[in-house]
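Survey of secondary and tertiary structure
Now for the letters of each chain:
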Amino acid sequence: MSGFSLSSEPFTLERDCQAVMVPQGETVTLPAGQIGYITQALGGSFTVYVEGNLFRIAGNDADALGKEPPRPIELPDDASDEDVEKLVWQQLRTCFDPEIPINVVELGLVYDVSLETSEEGGRKAYVKMTLTAPGCGMGDILVDDVRTKLEMIPTVIEADVDLVFDPPWNHAMMSDAAKLETGML
């Protein structure tokens, strides 16, 4: 990714803001008054271009960019396991690689999802996922994003995200929509 484009939105940070360097995965603090461009705003997080570098800013810091944070997730009191699993998959579709405008589900990075319900009624979500490249510096960030977004679902008390590399990811695992978006179809 070369940085910003004509569709990028300029911003000035309204307060100090934690950000993650892309693709290194290093956490930094961008100072209030920092000027840059929003290059991607998907799934509630933002990829920004600042002084020749890309950074990922989490949705809970959207206010620093002058944006609204994601709305809380609602779940009916009588929700079934099937309803919760459907919501888990919806949440997974809000997780994006900061460099690729395609969610982890469409990229074919999610290998398995299962739920377990405790006697108290809380649920634990289990996810097996991979990365497009084993050495990706954003791996821990993506895993944390998946975990955090799943634990936002009411009744999900814990999300166990297992990063696996067998089978190795390849382009054939992408959905047709993802292949079309990336020009691989």
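What comes next is a walk through the structure. (Residues numbered from 1 in each chain as written. Predicted model: local features only at pLDDT ≥ 70, side-chain atom pairs only at ≥ 80, totals over all residues. Heavy atoms only, no water.)

Further remarks concern the pattern of salt bridges. Oppositely charged side chains may form a pair once their charged atoms are brought near each other. Tallying each qualifying case throughout the model produces nine salt bridges. Here Glu9 ties to Lys67 by a salt bridge, and the two come within 2.7 Å at their closest N and O atoms. Highlighted residues: Glu9 in strand S1 (residues 9–12) and Lys67 in the loop between strand S6 (53–57) and helix H1 (81–92), separated in sequence by 58 residues. Judged by its relative accessible area of 34%, Glu9 falls in the partly exposed class. Among the salt bridges present, the one from Arg93 reaches Glu106, with a minimum N-O distance of 3.7 Å. Taken together, the residues Arg93 in the loop between H1 and strand S7 (110–117) and Glu106 in the loop between H1 and S7 connect sequence positions 13 residues apart. Taking relative accessible area as the criterion, Arg93 reaches 38% and is therefore assigned partly exposed. According to the relative accessible area criterion, Glu106 is partly exposed, its value standing at 22%. Salt bridges sharing partners connect three or more residues here, namely Arg15, Asp61 and Asp63. (Salt bridge = Lys/Arg side-chain N within 4 Å of Asp/Glu carboxyl O. Helix = DSSP H or I, 4+ residues; strand = E, 2+ residues; numbered from the N terminus. Buried < 20%, exposed > 50% of the residue type's maximum accessible area, 1.4 Å probe, protein only.)

Looking now at the sheet that holds S6. With antiparallel pairing, the six strands of this open sheet are ordered in space as S1-S4-S5-S6-S2-S3. What marks the edges here is a single partner per strand, and that holds for S1 and strand S3 (27–30). Across the sheet, the mean angle separating the axes of adjacent strands is 45° when strand polarity is ignored. In this structure, strand S5 (residues 45–50) lies alongside S6, joined through five bridges in antiparallel fashion. Considered in S6, the bridge of Thr47 is made with Arg56. (Pairing = 2+ DSSP bridges. Axes fitted to C-alpha atoms, helices over the stretch in contact; angles between N-to-C directions.)

You can see Gly25 is positioned in the loop between strand S2 (17–22) and S3. The spatial distance from the C-alpha of Gly25 to the C-alpha of Ala79 is 36 Å, given a sequence separation of 54 residues. Here Gly25 is in contact with Val20, Gly137, Met138 and Ile141, once residues within four sequence places are set aside. (Contact = heavy atoms within 4.5 Å.)

Take the side chain of Lys124 next. Residue placement: Lys124 occurs in strand S8 (residues 123–129). Within polar-contact distance, the side chain of Lys124 engages the side chain of Glu158 at 3.5 Å. Ignoring sequence-local partners within four residues, the contact set of Lys124 consists of Ser114, Leu115, Glu116, Glu158 and Asp160. (Polar contact = N/O pair within 3.5 Å; in protein donor to acceptor, adjacent residues only side chain to side chain.)

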